[in-house]
Amino acid sequence: MTSRHPLQTNGNEAYDIQPEINEAVTESGVQEGLVTIVAPHTTAALGIISYHDPLGLEDVMDEFQRLVPARITFKHEHDTPQDAAGHVLSTMVGPTLTLIVTGGEVLLGHSQKVFFLEFDGPRKRQFFVKVTADPTPEA
Amino acid sequence: MINPNALHDQATSLPALIKEQTWRLEDDLRKSVPTPVQHAIRHIVLTGSGDSAIAGLAAEQTFRRFVGVPVYAGESLAVSRFLLDSYGNEYPHTPMLLATSNSGEVARVVEAAQRAAAAGGYVVGLTGNAQSRLARASQSIIDVGAPAFPAAPGMRSYVMAVLALNLFAIRFAEVRGRITMDEAQALRGELAGLSDVVQQAIVTADAPLRSLAQDWRDLQGVEFLGSGPSRASAAFGVAKILEAVGKQSAHVDLEEFIHLNYFERAATGIGTVVLAPAGSPVRSRADELAPLLNNLGRPWVAIGAVTDAPVSIEIPQVREEFAPVVQAAVLGLLAAHLMDATGEEPGRGAVGPWADCADGATTRDSQIVL
């Protein structure tokens, strides 16, 4: 089962998408399997981050900007400097994640959540969640 | 001899032109100015002569609203021999000069481009001739040539230039981070969507303007009143009347009319066109003007709904920055119908006292002074 989730980002921030993932897993009824999340974008990514302190999320996004700032000397000029930087960051971080589903829940550490990382906002975005069950052993 | 209906044909060809060319222009100009140059912009100057100068005036408000740097739209002689003297290589790529000449051979525009380059500016040439003197004087060139069409007092090249300049403003704003990519794309979609708006305007305006032209055919002249982006359309209306009909014509700011042209003695002999788009901040002043025009006995028409106008041509509301594209079609129709009604030869046929202008010689063959 694959579900689509629209997301309107307001800027270059980390967006908590764990609730949608959890809901998709619950609705699927899968007890043991995998959940794959895909962000079909080239200037956004998915990351697992500690969520307890919102400032920690800001640190992560600030570091991305420090590592790959939106400079005007990118060779890719089709869109904007922020877009060019976003392509690099998306490639570095990656737009997909696959996690284990066990006991009908996503297997994550107690400080972990999945976040949608916007590198070229604000934009209309979307992500997809697919839940697959482990193959049933043959009788 | 030019077919007197060719101007009407040019006007009615505009919806297809806008539909076919907007995204082509966008694609061409998108990467024409490097990102570092766009970020270095401190001043923008839009220039040309005739319709091309008016195109700059028509797009000026879009630059002003979205790009965030000072912008000035001016005729090529003043820009070349007065304005550009104030620049002296103090800042890189300053000014950014967007110079329009469809032929690329108007001497004054070429001169402005050369002077801007000498002053350290960055020159973008908007022309339909990549081998022209303007093209050679420019660091970036954009082809604003419209597909071939039977000759007439020009409308298509004007609309191409206005579209291109507006697209440049949107692109500069996008790259400089003043608007988001989604907002930029939405604005481009609005521009492309003017195709349908212009079609609606033509359907609405054609018959009333044909009738009006019959009433106005013996008038001494035609004046056009507008402000902001509509001031450009007022200037464009004058251009078409002068080229197509040869009557006296003038454009004046809506407010300034009351200070100046109001006092003309021959009021009943001057057809007057008031440009007041729906939603415009000048509408209230246009409504105050209406009884004055009626008291003067001026024959007049409102393009837009103005209270107490004897004739109103209501056209669909668009973002006011983009209104000149729609207004151009309506004003072209008026000039076309007046040309039919008067039987006048466009450009006076370039014969007799006007023989000097044959083949554009009077605009092309002028000494370039650097």
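Under an unreviewed UniProt entry, the name given to chain B is Glutamine--fructose-6-phosphate aminotransferase [isomerizing], and the source organism is Occultella aeris.

The name given to chain A in an unreviewed UniProt entry is Secondary thiamine-phosphate synthase enzyme, with Occultella aeris as the source organism.

Novice: Give me the lowdown on the interface of chain A and chain B, citing residues and values where you can.
Specialist: Reports often express the size of an interface as the amount of accessible area lost when the parts come together. Contacts between the two partners involve 11 residues from chain A and, on the opposite side, 12 residues from chain B. Carbon and sulfur atoms supply 57% of the area that chain A and chain B bury against each other, a total of about 1100 Å² over both sides. On the chain A side of the contact with chain B, Ile72(A), Glu77(A) and His78(A) bury the most area, a combined 48% of that side's loss. Across the pair Asp182(B) and Arg123(A) runs a salt bridge whose closest N-O atoms are separated by 3.5 Å. Seen at the junction of chain A and chain B, the total is 8 residue pairs in polar contact (both at pLDDT 80 or more). Along the lines of polarity and charge, the residues of the side of chain A that touches chain B split into 3 nonpolar, 2 polar and 6 charged.

Novice: I'd love a proper account of the sheet that holds strand β6 (residues 105-106) of chain A, names of residues and values included.
Specialist: All names here are of chain A. Pairing is antiparallel across the open sheet formed by 5 strands, whose spatial order is β1-β8-β3-β5-β6. At either end of the open sheet lies a strand with only one pairing partner, and these are β1 (2-8) and β6. Pairing of strand β5 (residues 96-102) with β6 involves 2 bridges; the strand directions are antiparallel. By the bridge assignment for β6, Val101 is matched with Val106. The sheet strands contacting helix α1 (residues 18-28) are β1, β3 (33-38), β5, β6 and β8 (124-133), and the helix crosses β8 at an angle near 35 degrees.

Novice: Could you give me a rundown of the side chain of Glu26(B), with the residues and numbers involved?
Specialist: Residue and element names in this part refer to chain B. In this structure, Glu26 sits in helix α1 (residues 6-29). Only 3.1 Å separates the side chain of Glu26 from the side chain of Arg188, close enough to count as a polar contact. With residues near it in sequence (within four places) discarded, Glu26 still touches Leu167 and Arg188.

Novice: Lay out the UniProt feature "domain: SIS" (unreviewed entry) in chain B with the relevant residues and their values.
Specialist: According to UniProt, the positions carrying the feature "domain: SIS" (unreviewed entry) are residues 33-178 of chain B. Taken end to end, residues 33-178 of chain B has its terminal C-alpha atoms 17 Å apart, with 44% of it in helix and 17% in strand.

Conventions used here
Each chain has its residues counted from 1, running along the sequence as written. Whichever chain is written first becomes A and whichever ligand is written first becomes 1, with later ones labelled in order. Totals for whole chains, interfaces and linings use all residues, but because this is a predicted model, local features are given only for residues with pLDDT of at least 70 and pairs of side-chain atoms are given and counted only at 80 or more. Heavy atoms from the whole structure form the basis of all side-chain values; hydrogens and water molecules are not counted. Two residues form a contact once any of their heavy atoms are found within 4.5 Å. Accessible surface is computed with a 1.4 Å probe, and the buried area is the amount of it that two parts give up when combined, taken over both parts together. The term salt bridge refers to a pairing of a side-chain nitrogen on Lys or Arg with a carboxyl oxygen on Asp or Glu at a separation within 4 Å. Two N or O atoms form a polar contact when they lie within 3.5 Å of each other; inside protein one atom must be a possible hydrogen donor and the other a possible acceptor, and for residues adjacent in sequence the pair counts only when both atoms belong to side chains. Note that Gly is not counted as nonpolar here; it falls among the polar residues with everything else outside the nonpolar set of Ala, Val, Leu, Ile, Met, Phe, Trp, Tyr, Cys and Pro and the charged set of Asp, Glu, Lys and Arg. By this definition, two strands are paired if DSSP reports at least two bridges between them. Secondary structure elements follow DSSP: runs of H or I of four or more residues count as helices, runs of E of two or more count as strands, with numbering from the N terminus. Each axis is a line fitted through C-alpha atoms, taken for helices only over the stretch in contact, and angles between the N-to-C directions span 0 to 180 degrees. UniProt positions are given in the numbering used here, feature names are shortened, and annotations may be inferred rather than shown by experiment.

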